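Letter by letter, the chains look like this.
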Amino acid sequence: MKIPIDYYIWLSAVLFGIGVLGVLYRRNAIIIFACIELMLNAVNLLMVAFSSQLNDSRGQVFVFFIMAVAAAEVAVGLAILVMMYRKTKSVDIDILNRLKG
Amino acid sequence: MNALYVICGLGIFSLVAEVFNLRKWIFFVSLFGLLVALTWVVIDWKAISYFYRGMVYFDHFALAFSGLILLISIFWFWMFRDYFVDEEHRTDKSALVLFVVTGAVMMVSFNNMAILFLGLEILSISIYVLAGSNKQNLFSTEAAFKYFLMGSFATGFLLFGITLVYGATGSFNITEIANFIIAHRTLPRFIYIGILMMMVGLAFKISAVPFHQWAPDVYEGSPTPITTLMSTVVKIGAFGAFVKLFSVAFITFSPSLKLIEQGIVVITLLVANITAVYQLNVKRMLAYSSVAQVGYLLLGFSSDSAHSAGTVFYYLTAYSVASVMSFAVVEIVEKNTGSAHVDNFKGLFKNNPLLAVAMTVALFSLAGIPPFAGFFGKYLVFTLSIGNGYIVLTILALITSLMGVYYYFKPLVAMSQPGSGKIVIFSSEKILLWVLILINIAVGIFPDLAQLL
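Conventions we followed
- Residues numbered from 1 in each chain as written.
- Chains lettered and ligands numbered in written order.
- Predicted model: local features only at pLDDT ≥ 70, side-chain atom pairs only at ≥ 80, totals over all residues.
- Helix = DSSP H or I, 4+ residues; strand = E, 2+ residues; numbered from the N terminus.
- Rg over C-alpha atoms; globule rule 2.2 N^0.38 Å.
- Buried ≥ 20, exposed ≤ 12 C-beta atoms within 10 Å, placed from the backbone.
- Contact = placed C-beta atoms within 7 Å.
- Axes fitted to C-alpha atoms, helices over the stretch in contact; angles between N-to-C directions.
- Parallel < 35°, antiparallel > 145°, perpendicular 65-115°, else oblique.
- Left-handed = near helix turned anticlockwise from the far one by under 90°.
- Nonpolar A, V, L, I, M, F, W, Y, C, P; charged D, E, K, R; others polar.
- Core = buried A, V, L, I, M, F, W, Y, C linked by C-beta atoms within 7 Å.

Q: Would you take a moment to explain the overall build of chain B for this structure?
A: Each helix and strand counted, chain B has 19 helices and two strands in total. A compact globule built from 453 residues would reach a C-alpha radius of gyration of about 22 Å, and chain B, at 21 Å, matches this within 12%. Summarising its shape, the C-alpha atoms of chain B cover approximately 70 × 60 × 40 Å along the three principal directions. Put simply, chain B has 453 residues, and 61% of those count as buried. Sequence-distant contacts in chain B: of pairs separated by 6 or more residues, those separated by 24 or more amount to 79%.

Rendered as structure tokens:
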């Protein structure tokens, strides 16, 4: 039995929405990273679903690009996080309010 | 395309230079290489072509924008030489700056969403690191972290948009997408959501209101050389990508997208200009001003999406030359007095006439006061929007640009007040400031530059 594409779209949209809400509402930087990863993986899932529906391999190649770039991005992000943790001894993003005006 | 190879090669050379102990040569090699790349852009002007099976397309639009990016980065290397001399990690920094330039050139020359995404990420990841490059300073780390969070959040939106558009049209190639949309009148509804999400993703990058909250904090916290890079090279790249995407791929929808763009224009102009009035730190004021300039750029683009490339290019040229100039002065003042607070500009007219004159020219140009390039940029944008019948929007833009005059004059007033402390400037910086002043006036004298595209 073939699963209709609409189901994939809804599933990805929900996963993406959870990611967005997590980024907006959670205060722990690590959890925010995980939520950004969730957003990107929702995209990957949908991309693969479309790719197989359209019988077109370009979508799957794009998924590889997204995975590689996401890994690079998280590496940089965690490095910045470590740098911040060394100075403030915390990963709570509420301390990031020194720059205001 | 050759220009892209040269810049990319320079970046890799920069990384390898650390191993072979060639640190001294980095600066000269980078400057020379960027000049070579700029020459290639000029040579390629006659030979427009696709590369890599239509993934990259260097047309006049892409070449003109790449030329502007390269010119600005040459000025950048010239001005901020100290950034590579004083501290450690200088080869890493110059490599990252060169990768930012690579990413920006890719973003203006893409013809396939994959290249747009990769260019955007090459640019963004490098600039996250650079924003935090002042490791001793907590503000710099904080700026890097904020920029990273907001940037990758925006990337998520852009990617979801790309996926939905791919699902509806079955292609990543922007010309194929445009043809598909023209050929098929009934499209799945999710393509509209996809287009809107791509717009949100790119609006974050060009820092249009309501997606601008990160910009003032990041601009203030990052080291001034990097702030300059963000407000010129990154902005040119991101705006070039915005224009290319919405004037090629989604041109069929432009009547309805126009309404959203104009909504963004109205709030960008109002919010950015009103908030800028209250700023006392010149760096932060310039950050809000760069958000406000995006409003004028978008006004020009949304008035006539298909034929506004020339106007946008002219405005971006005027804006980025003035921006480099003002940040150069801010950097010199900040280095000597410790902060970019408006009081630190006092007495500049008496003690350092050149710095004061350069700052005056830059701010006059940003405010749009006649003999300088910024005036003609605003003039072209307003002509375009009146010509397409957006009278009310143009009047609003005029009023907000008058507000701009008020906050741009604050540093000028401070500079003419009495103050103490003479700042020593190097002769290379003096020459650069003169060159930039002359370019600013020359661009103002030849508004025909807008006809280039």
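Still more to cover.
Q: I tried to follow unusual backbone geometry on my own but got confused; where do I start?
A: Glycine aside, a negative phi is what most residues show, and trans is what most peptide bonds show. In this structure, the amide linkage connecting Val209 of chain B to the following residue, Pro210 of chain B, adopts the cis form with an omega of 5°. Here Pro210 of chain B lies in the loop between helix 9 (190–206) and helix 10 (214–221). Of note, Lys89 of chain A is a non-glycine position whose phi angle comes to about 55°, a positive value. Within the secondary structure, Lys89 of chain A is located in the segment after helix 3 (58–88). We note that Ser207 of chain B has phi near 55°; this positive angle belongs to a residue other than glycine. Relative to the elements of secondary structure, Ser207 of chain B occurs in the loop between helix 9 and helix 10.

Q: Would you take a moment to explain the packing of helix 9 of chain B against helix 11 (residues 224–249) of chain B for this structure?
A: The geometry of a pair of packed helices is captured by two quantities: the angle between their axes and the separation between those axes. All names here are of chain B. Contact geometry of helix 9 with helix 11 gives a least axis separation of 9 Å together with a crossing angle of 155°. Taken together, the axis directions place helix 9 and helix 11 in an arrangement best described as roughly antiparallel. Along this stretch, helix 9 crosses helix 11, giving a crossing that reads as left-handed. Facing helix 9, whose interface residues are Met198, Leu202, Lys205 and Ile206, helix 11 presents Lys235, Ala238, Phe239, Ala241, Phe242 and Leu245. A breakdown of the residues in the contact of helix 9 with helix 11 according to their chemical character gives eight nonpolar, no polar and two charged.

Q: Would you mind showing me how to read the packing of helix 6 (residues 113–131) of chain B against helix 11 of chain B here?
A: Residues and elements named next belong to chain B. Put simply, helix 6 and helix 11 touch, their axes get as near as 12 Å, and they point 170° apart. In this view, helix 6 runs roughly antiparallel relative to helix 11, as classed from their interaxial angle. Of helix 11, the residues touching helix 6 (which contributes Leu116, Leu123, Ile127, Leu130 and Ala131) are Ile226, Met230, Val234, Gly237 and Ala241. In terms of residue class, the contact of helix 6 with helix 11 is made up of nine nonpolar, one polar and no charged.

Q: Please explain the nonpolar core as it appears in this structure.
A: A general trend in soluble globular proteins is that nonpolar side chains are found buried together. Counting 202 residues, the largest nonpolar core has Val100 and Ala104 of chain B as its most contacted members. For Val100 of chain B, the residues in contact, after removing those within four places along its chain, are Leu123, Ser126, Ile127, Leu229, Val233 and Val234 of chain B.

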